[in-house]
Amino acid sequence: GQQLNQSPQSMFIQEGEDVSMNCTSSSIFNTWLWYKQEPGEGPVLLIALYKAGELTSNGRLTAQFGITRKDSFLNISASIPSDVGIYFCAGLGYGGATNKLIFGTGTLLAVQP
Amino acid sequence: EAGVAQSPRYKIIEKRQSVAFWCNPISGHATLYWYQQILGQGPKLLIQFQNNGVVDDSQLPKDRFSAERLKGVDSTLKIQPAKLEDSAVYLCASSLTYGYTFGSGTRLTVV
């Protein structure tokens, strides 16, 4: 099945640093979502983007819906140890009577205190 | 609001055995999804229900996987017979509109 390409695959940073990750697709999406997954848990929604060019913040997190509708970016400012986890982008496309959420390959974030 | 409930949390079976997973979505959520997440990858959609009807099962290996959603509420996903490559976390999610809520998943190990 189709998956979105995320980069980087993993990041190992110091507490307090800013983090940037992105997601690209060969297909256009109408909605971009960013999720965080911690060990043993399901993904939890962080930010949803509904319009090309949209920039949305949620606390220290900021995400953007690319103008081409084929990419999205997530930034985390002033990282803290509890930011550790795997971050997934997901694109929501519409096909016929259904909408389908396609996930990216994930970015593993490790934060050293 | 209660979240998406899944059981069991963990299951270890031998290849060729059968296994079933259960999901109880958030009350009122008409759409229910089963995803398979192999270690190191993002979740992959297996099947999507709208109430108790299947709207997308194009990625479901129908020779061994089956799913049902009786009365448009709870759902079960079954694998029979299991293969080694079925080892993964099986996630259930439900949604009202665009906001998918995931359960904690069932981690299946096939030995």
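Our subject is the structure that appears above.
Residues numbered from 1 in each chain as written. Chains lettered and ligands numbered in written order. Predicted model: local features only at pLDDT ≥ 70, side-chain atom pairs only at ≥ 80, totals over all residues. Heavy atoms only, no water.

> What's the story with a nonpolar patch on the surface in this structure? I'm lost.
All names here are of chain A. Together, F12, I86 and L108 give the surface a local cluster of nonpolar side chains, amounting to about 290 Å² of exposed area. Checked against the element boundaries, F12 lands in strand β2 (residues 10-14). Relative accessible area serves as the criterion here: at 65%, F12 is assigned to the exposed category. (Patch = residues over 30% accessible without salt bridge, like charges linked within 9 Å, V, L, I, M, F, W, Y side chains within 5 Å. Areas by Shrake-Rupley, 256 points an atom, 1.4 Å probe, with all protein chains shown as cover. Salt bridge = Lys/Arg side-chain N within 4 Å of Asp/Glu carboxyl O. Helix = DSSP H or I, 4+ residues; strand = E, 2+ residues; numbered from the N terminus. Buried < 20%, exposed > 50% of the residue type's maximum accessible area, 1.4 Å probe, protein only.)

> Could you clarify how one ought to interpret the sheet that holds strand β8 (residues 71-76) of chain A in this entry?
Strand pairing in a sheet is mediated by backbone hydrogen bonds. Such pairs are either parallel or antiparallel. Residue and element names in this part refer to chain A. In space, the 5 strands of this open sheet follow the order β1-β3-β8-β7-β6, with antiparallel pairing throughout. Single-partner strands in this sheet number two, and they are β1 (5-7) and β6 (55-58). The average angle at which neighbouring strand axes cross in this sheet is 15°, direction not considered. As paired strands, β6 and strand β7 (residues 61-65) are joined by 4 bridges and run antiparallel to one another. The residue bridging L55 from the neighbouring strand is Q64, located in β7. (Pairing = 2+ DSSP bridges. Axes fitted to C-alpha atoms, helices over the stretch in contact; angles between N-to-C directions.)

> What's the story with the nonpolar core in this structure? I'm lost.
Most often, soluble globular proteins have nonpolar side chains that are buried together. Membership of the largest hydrophobic core comes to 22 residues, with the highest contact counts inside it found for W32, W34, L74 and L109 of chain A. Within the residue set of this core, elements represented by two or more residues are β2, β3 (19-24), β4 (31-37), β5 (44-49), β7, β8, β9 (85-95) and β11 (107-112) of chain A. What L74 of chain A contacts, discounting residues up to four positions off in sequence, is V19, S20, M21, W34, I47, L61, T62, A63 and Y87 of chain A. Membership of the second largest hydrophobic core comes to 21 residues, among which are W34, F65, I79 and V110 of chain B. (Core = buried A, V, L, I, M, F, W, Y, C linked by side-chain atoms within 4.5 Å. Contact = heavy atoms within 4.5 Å.)

> How should I be thinking about the state of the cysteines in this particular structure?
What is meant by a disulfide is a covalent connection between two cysteines, made through their sulfur atoms. Following the criterion strictly, the structure yields 2 disulfides over all chains and no others. Paired by a disulfide, C23 of chain A and C89 of chain A hold their sulfur atoms 1.9 Å apart. Disulfide C23 of chain A-C89 of chain A: torsion about the S-S bond near 50°, hence right-handed. Here C23 of chain A is found in strand β3, whereas its partner C89 of chain A is found in strand β9, with 66 residues between them in sequence. C89 of chain A shares its class with C23 of chain A; the two are buried. Disulfide partner of C23 of chain B: C92 of chain B, at an S-S distance of 1.9 Å. Here the S-S torsion is close to -70°, and the disulfide linking C23 of chain B with C92 of chain B is therefore left-handed. You can see C23 of chain B sitting in strand β3 (residues 19-24) and its partner C92 of chain B sitting in strand β9 (residues 88-95), a full 69 residues away along the chain. Per residue, the accessibility class of C23 of chain B equals that of C92 of chain B, and both read buried. (Disulfide = S-S within 2.5 Å.)

> Sorry, what's going on with the packing of aromatic side chains here?
The relative placement of two aromatic rings is captured by the distance of their centres and the angle of their planes. Applying the stated criterion across every chain yields a total of 11 aromatic pairs over all chains. Taking the centre distance of 5.6 Å and the plane angle of 85° together, the rings of F103 of chain A and Y35 of chain B count as edge-to-face. Linking F103 of chain A in strand β10 (residues 98-103) with Y35 of chain B in strand β4 (residues 31-37), this pair reaches from one chain into another. By relative accessible area, Y35 of chain B is classed as buried at 0%. Aromatic pair F103 of chain A and F102 of chain B: ring centres 5.8 Å apart, planes at 75°, arrangement edge-to-face. In this pair, F103 of chain A sits in strand β10 while F102 of chain B sits in strand β10 (residues 101-102), so the two residues belong to two different chains. (Phe/Tyr/Trp six-rings, centres within 6.5 Å; stacked < 30°, edge-to-face > 60°.)

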